[in-house]
Every structure is written in C-alpha cells, then in structure tokens.
Amino acid sequence: MNVLLLGSGGREHALAWKLAQSRRLTKLYAAPGNPGIAAHAECVALDHGHLDAVVAFARDHDVGLVVVGPEQPLVDGLTDLLIAEGILVFGPTAAAARLEGSKGFTKDLCAREGIPTAAYGRFADAGAARAALPGFGLPVVIKADGLAAGKGVVIAETPAQAEAAIAGMFAGAHGGAGAEVVIEAFLQGEEASLFALTDGETVVPFGSAQDHKRVGDGDTGPNTGGMGAYSPAPVLTAALQARAMAEIVVPTVRAMAAAGTPYAGILYAGLMLTADGPELIEYNARFGDPEAQVLMMRLEGDLLDLLLAVAERRLASLPSPAFAAHTALTVVMAARGYPGTPEKGGAIGGIAAAEATGARIFQAGTAMRHGALVASGGRVLNVTATGATVAAAQAAAYRAVDRIDFPTGFCRRDIGWREIAREG
Ligand code: AMP
Ligand code: GLY
C-alpha cells in the first residue's frame, strides 16, 4: 500500500521511521517532509495547507492511507474531503477535531458528561470576561478558544495580568483564535500525557509521556512546543491511567459518537494529576511532538496495521497495541533564539556518530543547503535513546547529544529530572 504522511517535524520523522518498517508498505510519500524523513520516504513539495492539492495527490498516486501529523489540516476539514473522495485517512474529521480546535467546545462536553476538568467560563467579549474574573481566584488561566500554535494560554498571577491577557486576546493577539476566550480555575498537580487510539467506538490506551514545556533547565523560562519527553510516565500509574481512561477518555469518545461526530484517530489527553485524581487540561487531535518520538521508540508491532484499522473502523479486530517496557527519552536540540526567532542556517554534524551510540536522531527543523545539513527551524533535532530506567535513558540520550556538532544549537540538560529524582 502507498501511504502519504503529512507534516515536516520530528513527530513525522518518528512516524515515517515506524511506518517504513511495515510489511504492508509499498511506498511512503511525505509532504513536505524533511531531510531526516527523506531516508524513509519520497518527500514531495506539497503544501498541506492546500487541501484540494493533497486530495488530488492522494488520488493520482494510488494512496491507500493518508496519515495527518499536524492539527491544522484536521481542523480545516482535510479528513472530510478525503473521506468524500473514498480515500482512507488517519485523523479525525473537522467536527471531531473540535476537541482540539475549540477549548470551549471541549469544556462544554466535559460539563455535560461529568468529565473532571477545571471550572470554567466561555466569553465572547472582554467586558463579560473581566467581570467574571473575581469568581476564579488566583492564579487564573486565560485561553484563546481556537488553535494558537501552543501560545494561546496565559497563567495570570495577578488581576492586572489577567485583564491584560483578556484585552490582548480580544485585540487579536492570536488572530481569530481569540475571538472567544475561556477562563479556567488553576489546577494544582503534576502534568502527564495519555494517548488513546480510537476508531470512534473501540478505544485503547496508546502509551503515556511527560513533556518539558519550558525552555530552561529546572522548568524555567518561556513556554515552548516541548524541549524533551519520556515515555512511559510512571507518575501516571496503572491505576491512575485506568481512571483517566474510564472517567475522561472513554466518556469523551462515547459522547462524540452519540452526537453523530465520532472521533477516529489518536486522542492526546493532557492531564493534571490532582489530589482528587486526573483532570483534563486539554485534548489534542494528533500525536504530540516530541511525545510521538518516544512512543514510536517503544511501540511493538506494525504501526501501519493499527492506523489502517482506525481508518477502517475495525480497531476491535486487532490485538491491543503493545509497548516495550523500557523507557524512551528524547532531548530536543533547538536553534539559538528559540522559542523566539531561531537562528537559521547553522551547520549540523555528528548525526552518524550520535546514532553509533545506539540512539536515534529524529530531525525536525532541518534542511539541506549545498549538500550539507543545516538548521531551518526552532526545534531542530530530537536525540532519542532507551534505557531500563529514566536515568539510564537520560544518560544514553546525553551521550548521543554530546556527539552532535551543532554550534548554533542548545538543549536542556535535565530532561527527565522529576522522575529521576523519584527513582532516587
Ligand atoms: P494547554 O495549551 O491547554 O495545554 O495549556 C498549556 C499549559 O498551560 C498546560 O500544559 C498547563 O501547564 C497549563 N494549564 C492549562 N490549563 C491549566 C489549568 N486549568 N490549571 C493549571 N495549568 C493549566
Ligand atoms: N508537546 C506538546 C504538543 O505536541 O502539543
């Protein structure tokens, strides 16, 4: 079967690497892909913002499954267009992708279904939002309703910060995403990510992970798309995971099906592990980046089989996905300046030497210039290794990091620190 993978980040490199191992695969296309993905796929210059061009490409190249990496094409309805053409696709329809595309939609669903999540309000104008603030205490969380590339959340410590965030969002700081604002109570606890694979009816857990959102060691500095991750997340114990599935994920999938908008794809639940149990922070309608990199390092069996079964609504016919017991840990090497404007064009060497240690280097913001690999984005490389413990996986990942020659890059040196402190 021919497969078309959409996206160009480290998440897609990890998916491409795993898809390329499938016994079902005839040819993998990636659009637009990157130099790392090019080792596993034919990269095609196709802009996945042009939905009709994607559909035409899939039709013309006998593509049996389209795998959508990022959220924007899902929210924009690419899946609906492909289904209308009779082309199988892994990723939810626009109506189902509202679980990521509208925070207010998801909060209302949680309220109706009794799914544990922070108390909230939805506001369509700044005056009403400001007037509601005193009811939430401090800190208070202000969110743009729509997709904002991970930047639409402000945790305000003072009323002045909260009012400034509200004013900024309604003034268009996140474009149309901020036309509506959600205000939430602040949840206390540790965050963990739980992934579930679902075809709309059958729902199976698909691994857990912890990300590191802040740019600096010790979780300091501005938020990023994620500076490193490990899987599994031992803090999400088997008992807590079972609760999160039963109280959060499964009722969501049931509610989406009952509403006539079944959710099929990967459902990524961002959880806060509070004193009262897991609560939902947010959903994503796609794999996490860099969480996919660590999940793919542990996934056993054939990824394409699983994704196809989801697209064909027959997930129940497959055995549950299996993951290796070891820990996988990834360190993001970013270009200087990230998460602000990253320095582009910096030379990258040492990938083969790093992989010779047993690590795997997934590429994100890279490009080929005059035959040499250079940085072309904020997050550039994902140095990924495995180990029997988080500490062992961390040591293996940094051994590989130290073989990479990327003078204009940087990384955190403490990925996994919370769990390593607990491992003692
Ligand atoms: P989101 O984009 O909704 O995942 O929010 C980004 C980050 O903001 C999350 O990963 C949390 O660290 C934090 N956050 C979001 N909502 C809350 C909340 N209600 N309480 C505490 N922290 C939150
Ligand atoms: N690493 C966070 C995300 O993919 O949303």
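Structural data are supplied above this passage.
The paragraphs below set out a description of the structure included in this document. Everything quoted here is computed from the prediction, not taken from an experiment.

Turning to the overall build of the protein chain, a few remarks are in order. A tally of regular secondary structure across the protein chain gives 14 helices and 24 strands. The C-alpha radius of gyration of the protein chain comes to 21 Å, within 12% of the 22 Å expected for a compact globule of 424 residues. Referenced to the eigenvectors of the C-alpha coordinate spread, the extents of the protein chain come out at roughly 60 × 45 × 40 Å. Long-range contacts, defined as pairs at least 24 residues apart, comprise 68% of the intrachain contacts of the protein chain with a sequence gap of at least 6. Summed over its atoms, the accessible surface of the protein chain is roughly 16000 Å², and 53% of this surface lies on carbon and sulfur atoms. In the protein chain, which carries 33 positive and 43 negative side-chain charges, the distance between the mean positions of the two groups comes to 3 Å.

This part covers the side chain of D302. If you trace the backbone, D302 turns up in the loop between β17 (299-300) and α11 (303-311). Although D302 is buried, it forms no salt bridge, and the closest oppositely charged side chain is R23 at an N-O distance of 4.2 Å. Reaching out from D302, the side chain makes a polar contact with the backbone nitrogen of R23 at a distance of 3.3 Å. One polar contact links the side chain of D302 to the main-chain amide nitrogen of D305, over a distance of 3.1 Å. Those residues within four positions of D302 in sequence are excluded, and the remaining contacts are S22, R23 and R24.

Two side chains carrying opposite charge are able to pair once their charged atoms lie near each other. Under the definition given, this model contains 21 salt bridges. The closest approach of N and O atoms between K107 and E184, which form a salt bridge, is 3.7 Å. With K107 in helix α6 (residues 103-113) and E184 in strand β9 (residues 181-185), the pair connects residues that are 77 residues apart, well separated along the chain. One salt bridge in this structure joins R422 and E190, with 2.8 Å as the shortest N-O distance.

A cluster of nonpolar side chains, namely V153, I155 and F186, defines an oily patch on the protein surface of about 220 Å² accessible area. Along the chain, the position of F186 falls in the loop between β9 and β10 (190-198). Judged by its relative accessible area of 31%, F186 is partly exposed.

Moving on, we come to the side chain of T384. Structurally, T384 can be placed in strand β23 (residues 379-387). What makes T384 buried here is its relative accessible area of 0%. At 3.1 Å, the side chain of T384 and the backbone oxygen of N382 are in polar contact. Residues within four places of T384 in sequence aside, it is in contact with Q293, V294, M297, L329, T330, A359, R360 and F362.

On to helix α2 (residues 51-60), then. Those residues of α2 that fall on the buried side of the exposure criterion are L51, V54, V55, F57 and A58. Each buried residue of α2 sits inside an arc of 160° when the element is viewed along its axis, so together they form one side. In α2, the exposed residues that point more than 90 degrees away from the buried face are D52 and D60. Against β1 (2-7), β2 (27-32), β4 (63-68), α3 (72-75) and α4 (78-84) lie the buried residues of α2. Remark: D62 follows α2 within two positions and exhibits a positive phi of approximately 55°.

Strand order in the open sheet formed by four strands is β6-β9-β7-β8, with antiparallel pairing between adjacent strands. Two strands close off the open sheet at either side, each with one partner strand: β6 (120-123) and β8 (153-156). When strand polarity is set aside, the average angle formed by the axes of neighbouring strands in this sheet is 20°. In this fold α6 packs onto β6, β7 (140-144), β8 and β9, with an angle of close to 140° to the strand it touches most, β6. Contacts from helix α8 (residues 159-170) reach β6, β7, β8 and β9 within the one sheet, and its direction differs from that of β7 by about 5°.

This paragraph deals with the site of ligand 2. Surveying the vicinity of ligand 2 reveals the residues D211, G225, Y268, N284, R286, G288, D289, P290 and E291. One of the backbone nitrogen or oxygen atoms of G225 is found 3.1 Å away from a nitrogen atom of ligand 2. In this structure, D289 approaches ligand 2 through a main-chain N or O atom, which is 2.9 Å from a nitrogen atom. A breakdown of the residues in the shell around ligand 2 according to their chemical character gives two nonpolar, three polar and four charged.

Quick look at the environment of A30 now. One can find A30 in strand β2. We classify A30 as buried; its relative accessible area is 1%. Note: C-alpha distance between A30 and A45 (15 residues apart in sequence) is 8.7 Å. When sequence neighbours within four positions are dropped, the list of residues in contact with A30 reads L4, L5, I37, A41, E42, C43 and V44.

For the rest of this paragraph, the subject is the site of ligand 1. Inspection of the region around ligand 1 gives 15 residues, with E184, A185, L187, E191 and E282 positioned closest. K103 has a polar side-chain atom sitting 3.4 Å from an oxygen atom of ligand 1. Surface burial for ligand 1 is 89%, taken as the share of its 470 Å² of free accessible area covered by protein chains. Secondary-structure elements contributing two or more residues to the shell around ligand 1 are β7, β8, β9 and β16 (277-284). Split into classes, the residues belonging to the shell around ligand 1 amount to nine nonpolar, no polar and six charged.

This model, assessed by the stated rule, comprises six aromatic pairs. Note on F206 and F287: the rings are 6.1 Å apart at their centroids and 55° apart in plane angle, and the pair reads as tilted. Placement of the pair is F206 in strand β11 (residues 203-211) and F287 in the loop between β16 and α10 (291-298), with a sequence separation of 81 residues. Judged on exposure class, the residue F206 and its partner F287 are both buried. Taken together, the aromatic side chains of F90, F206, F287 and F323 make up a single cluster linked through ring pairs.

Cut-offs applied
Residues numbered from 1 in each chain as written. Chains lettered and ligands numbered in written order. Predicted model: local features only at pLDDT ≥ 70, side-chain atom pairs only at ≥ 80, totals over all residues. Heavy atoms only, no water. Helix = DSSP H or I, 4+ residues; strand = E, 2+ residues; numbered from the N terminus. Rg over C-alpha atoms; globule rule 2.2 N^0.38 Å. Contact = heavy atoms within 4.5 Å. Areas by Shrake-Rupley, 256 points an atom, 1.4 Å probe, with all protein chains shown as cover. Lys, Arg positive; Asp, Glu negative; His and termini not counted. Charge placed at Lys NZ, Arg CZ, Asp CG, Glu CD. Buried < 20%, exposed > 50% of the residue type's maximum accessible area, 1.4 Å probe, protein only. Salt bridge = Lys/Arg side-chain N within 4 Å of Asp/Glu carboxyl O. Polar contact = N/O pair within 3.5 Å; in protein donor to acceptor, adjacent residues only side chain to side chain. Patch = residues over 30% accessible without salt bridge, like charges linked within 9 Å, V, L, I, M, F, W, Y side chains within 5 Å. Arc of directions from axis to C-beta. Pairing = 2+ DSSP bridges. Axes fitted to C-alpha atoms, helices over the stretch in contact; angles between N-to-C directions. Near = heavy atom within 4 Å. Nonpolar A, V, L, I, M, F, W, Y, C, P; charged D, E, K, R; others polar. Phe/Tyr/Trp six-rings, centres within 6.5 Å; stacked < 30°, edge-to-face > 60°.

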